[in-house]
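Results of the structural survey
Here is what each chain is made of, one letter per residue.
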Amino acid sequence: MKQNHLSCTLPWKALFMDMRYGRLSALPCCATWINRSYGPIEDGMSILESWNGPGAVEIRRLMIEGKQEELCAPDCPWLFSGKFAENAAEIVPGPPEFEANQRLNNQEISERKTILKSLPMALRIIPTLRCNIRCRMCFQDHKTDFRLPETFMADMRKLGKCVYDYHLQGGEVLISDQFRQWAAPDWFSENPQMLLSMTTNATKIPEQNWRVLQSLRINHITISVNAATRETYWYVAGADLFDDVMRNIKALKELSRLHRIQQFQIFLSFVIMRCNYRELPAFAHMASQLGLPFRLLLIEGDREGESIYTNPPILRDIIEVLDEAKPLSSEESIPELNRVRESLQTSLTSQTFRMNQ
């Protein structure tokens, strides 16, 4: 029997932490793009228990059976990019054990294994929920914090020999005095192919954490901005820190240019919601002037009445605004505009269809 081509192999390669129904869970990608999880991360649970647990096996089985539409959002950027399609599999060069894990993983994908002997190569960790701002669209509980189980931290160190992308997000990781613990330079020295990625609001970067960034191999840093003016930023984030963010964006760009190990990518991100979508053209222009590409996200839920999906005229208006932003955007950001425009057009068509029934 001919096998279905896998348009995404992330469930065989990645283990991400994210929030599902108010609980930290393990998933193969961001909770925005998939409606299942490997299961909640409980105290005392090891990473490998999640990696081959019932939730992970079920997700892989559905992918194998060609039922991806039951799991994944059609506008997922991983699907759009094709980066993790089965026919895009590559071996990242590195130490023998590092390459051997990738070859085993590719073999297990070709054999359609649901329980894996290979280890995850991409990790996304939420080490803290603490944050210094309160964005209107954020669903995280910043009032309480947690500590990752010691078994979880120990497993991360064991997996380091196989990882090529290690992503930290929060909360806000860069304001923490524990940042060096989560991004320990000695851990990175054990695997010369492991790269740090990060999502940050870039409102404040303590000097000791600047020194950590200077000492690590970095893949990319995504900076959450969500505005093009000080006034809108203040409204979205609940804090008058737009000038600080702009200053730190420029400082991080300079750090990339002068980094003693390697240059890295910086992306600006923008969550599209009712209160800010009209600033998309100005945001695109600002990103272009800074010489940085951007990433666009669509708001989830209706926190603070910010949903863009409850009114078809708003969807049409946003599509027009995206078209206005296109000539102001860098070439690198055009595919991102096209992806989001296509997603919103699909949503609009679906809503219009339902209204006409």
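Calculation rules
Residues numbered from 1 in each chain as written. Predicted model: local features only at pLDDT ≥ 70, side-chain atom pairs only at ≥ 80, totals over all residues. Heavy atoms only, no water. Salt bridge = Lys/Arg side-chain N within 4 Å of Asp/Glu carboxyl O. Buried < 20%, exposed > 50% of the residue type's maximum accessible area, 1.4 Å probe, protein only. Helix = DSSP H or I, 4+ residues; strand = E, 2+ residues; numbered from the N terminus. Contact = heavy atoms within 4.5 Å. Polar contact = N/O pair within 3.5 Å; in protein donor to acceptor, adjacent residues only side chain to side chain.

As a further point, take the pattern of salt bridges. All chains considered together, the criterion is met by 15 salt bridges. For glutamate 65, the salt bridge identified is with lysine 67, shortest N-O distance 3.3 Å. Exposure remark for glutamate 65: the relative accessible area of 36% places this residue in the partly exposed category. Residues aspartate 323 and arginine 341 are paired through a salt bridge, measuring 2.8 Å at the closest nitrogen-oxygen approach. On the criterion of sequence distance, the pair formed by aspartate 323 in helix H12 (residues 312-325) and arginine 341 in helix H13 (residues 334-355) is long-range, its members being 18 residues apart. Residue classification places arginine 341 among the partly exposed residues on the basis of a relative accessible area of 28%. Each of Arg36, Glu58, Arg61, Glu65 and Lys67 takes part in one network of salt bridges that share partners.

The next thing to look at is the environment of asparagine 248. With respect to the helices, strands and loops of the structure, asparagine 248 is situated in helix H10 (residues 242-258). Residue classification places asparagine 248 among the buried positions, given a relative accessible area of 12%. Leave out the neighbours within four places in its chain, and asparagine 248 touches Ala202, Thr203, Lys204, Ile205 and Trp210.

A separate point is the side chain of arginine 112. By secondary structure assignment, the location of arginine 112 is in the loop between helix H4 (96-110) and strand E4 (122-125). A distance of 2.8 Å separates the side chain of arginine 112 from the side chain of glutamate 86, its partner in a polar contact. Reaching out from arginine 112, the side chain makes a polar contact with the backbone oxygen of isoleucine 109 at a distance of 2.7 Å. Excluding residues that lie within four positions of it along the chain, arginine 112 makes contacts with Gln3, Asn4, His5, Leu6, Ile64 and Glu86.

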